[in-house]
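Summary of structural features
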Amino acid sequence: MADKQSGSGAGKLSRSLYEPELYRLQTELVKLQEWVRTEGARLVVVFEGRDAAGKGSTIKRVTQYLNPRVARIVALPRPTERERTQWYFQRYAEYLPAAGEMVLFDRSWYNRAGVERVMGFCTPAEHQRFLRQCPVFERMLVEDGILLRKYWFSVSDEVQEQRFRRRLQDPTRRWKLSPMDLESLTRWEEYSRAKDEMFVHTDIAESPWYVVESDDKRRARLNMIAHLLSTVPYRAVTPPELTLPPRPPATGYQRPPRDLQTYVPDHAARLET
């Protein structure tokens with residue numbers, strides 16, 4: 001079954017509604033981060049979905065105001081020759097959080113159920129082994145106390161194609177397109193069948209899939225963040241009281257002459273002429 005939108009058909013959310021609510025939710029994410037840090041919690045958020053479904057832009061908004069020492073983004077490259085000989089989940093387990101950390105997987109171990117399965121990068125036996133082992137792996141994570149959340153970003157074929165075309169025309173986003181991405185257009189139904197099979201095996205009670213409709217990226221970001229916040233029993237942590245100390249009196253320090261140092265040219269000044 002293709003990822004056609006099944007929502008209410010609402011139009012694009014206005015910026016005037018989107019921006020204040022995004023900031024409010026991002027403020028709550030900061031509270032969540034501080035709760036994770038002080039309570040020693042471990043939070044894993046998996047972002048999966050079609051190419052151009054809005055995963056990356058949502059991750060960007062989630063982490064915009066967070067401490068990168070607490071909230072880490074993991075986007076792994078292709079496995080090395082050595083990693084290909086390891087137990088499949090081994091390279092991902094290395095990046096799981098310790099106490100007081102949040103890890104956001106920009107694609108994850110589910111590569112095996114999607115692109116690897118469709119493009120023939122794994123054998124049918126490896127794919128079937130993944131479908132058997134993945135629920136066991138995730139149950140182990142949850143049993144050990146990790147908070148695991150999995151989001152599937154669903155985009156229609158028409159909107160995906162529109163986004164691909166915009167990327168082709170935008171030099172700042174052209175890097176987001178690869179021959180592999182374009183394959184997803186011609187293999188749309190194959191990816192749909194792979195996703196459906198993956199859900200059958202891995203949409204389990206301990207770690208269910210949550211589908212985010214993302215034809216409208218603004219709605220998708222707000223919906224995903226609001227849902228994540230609603231599933232974690234965080235609370236506001238009272239920050240320590242901080243007071244700016246008085247600046248001490250000058251002791252005669254003299255700054256070295258400016259011509260002894262190399263300054264970047266004032267490029268901005270050219271814009272004012």
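Residues numbered from 1 in each chain as written. Predicted model: local features only at pLDDT ≥ 70, side-chain atom pairs only at ≥ 80, totals over all residues. Heavy atoms only, no water.

Naming follows an unreviewed UniProt entry, where the chain appears as ADP/GDP-polyphosphate phosphotransferase of Streptomyces mooreae. Under the Function (unreviewed entry) heading, UniProt states for the chain: "Uses inorganic polyphosphate (polyP) as a donor to convert GDP to GTP or ADP to ATP." (UniProt positions renumbered as here; feature names shortened; annotations may be inferred.)

1. Things to note about the packing of aromatic side chains
In this structure the tally under the stated criterion is 20 aromatic pairs. Three or more aromatic residues joined by ring pairs form one cluster here, namely Trp87, Tyr88, Phe89, Tyr92, Phe105, Trp109, Tyr110, Phe130, Phe137, Trp152, Phe199 and Trp209. Over the ring of tryptophan 188 we find arginine 50, and its NZ or CZ is 3.6 Å from the ring centre. Across from the ring centre of tyrosine 263, 4.4 Å away, lies the NZ or CZ of arginine 258, which sits over that ring. (Phe/Tyr/Trp six-rings, centres within 6.5 Å; stacked < 30°, edge-to-face > 60°. Lys NZ or Arg CZ within 6 Å of the ring centre and 35° of its normal.)

2. Digging into unusual backbone geometry
For alanine 52, which is not glycine, the phi torsion reads 65° and is therefore positive. Tracing the chain through its elements places alanine 52 in the loop between strand S1 (42-49) and helix H2 (55-63). Among the residues examined, alanine 52 registers a relative accessible area of 6% and is labelled buried. The phi torsion at arginine 107 lies on the positive side, around 70°, for a residue other than glycine. Of note, arginine 107 is situated in the loop between strand S3 (101-106) and helix H5 (115-119). The class for arginine 107 is partly exposed, based on a relative accessible area of 24%. (Helix = DSSP H or I, 4+ residues; strand = E, 2+ residues; numbered from the N terminus. Buried < 20%, exposed > 50% of the residue type's maximum accessible area, 1.4 Å probe, protein only.)

3. Remarks on the pairing of S3
Burial of S3 is extensive: five of the six residues sit out of reach of the surface. Note that S1 and S3 share six bridges and pair parallel. Considered in S3, the bridge of valine 44 is made with valine 103. Where strand S2 (residues 71-74) lies against S3, four bridges are found, and the strand directions are parallel. Its bridge partner lying in S3, alanine 71 is registered against methionine 102. (Pairing = 2+ DSSP bridges.)

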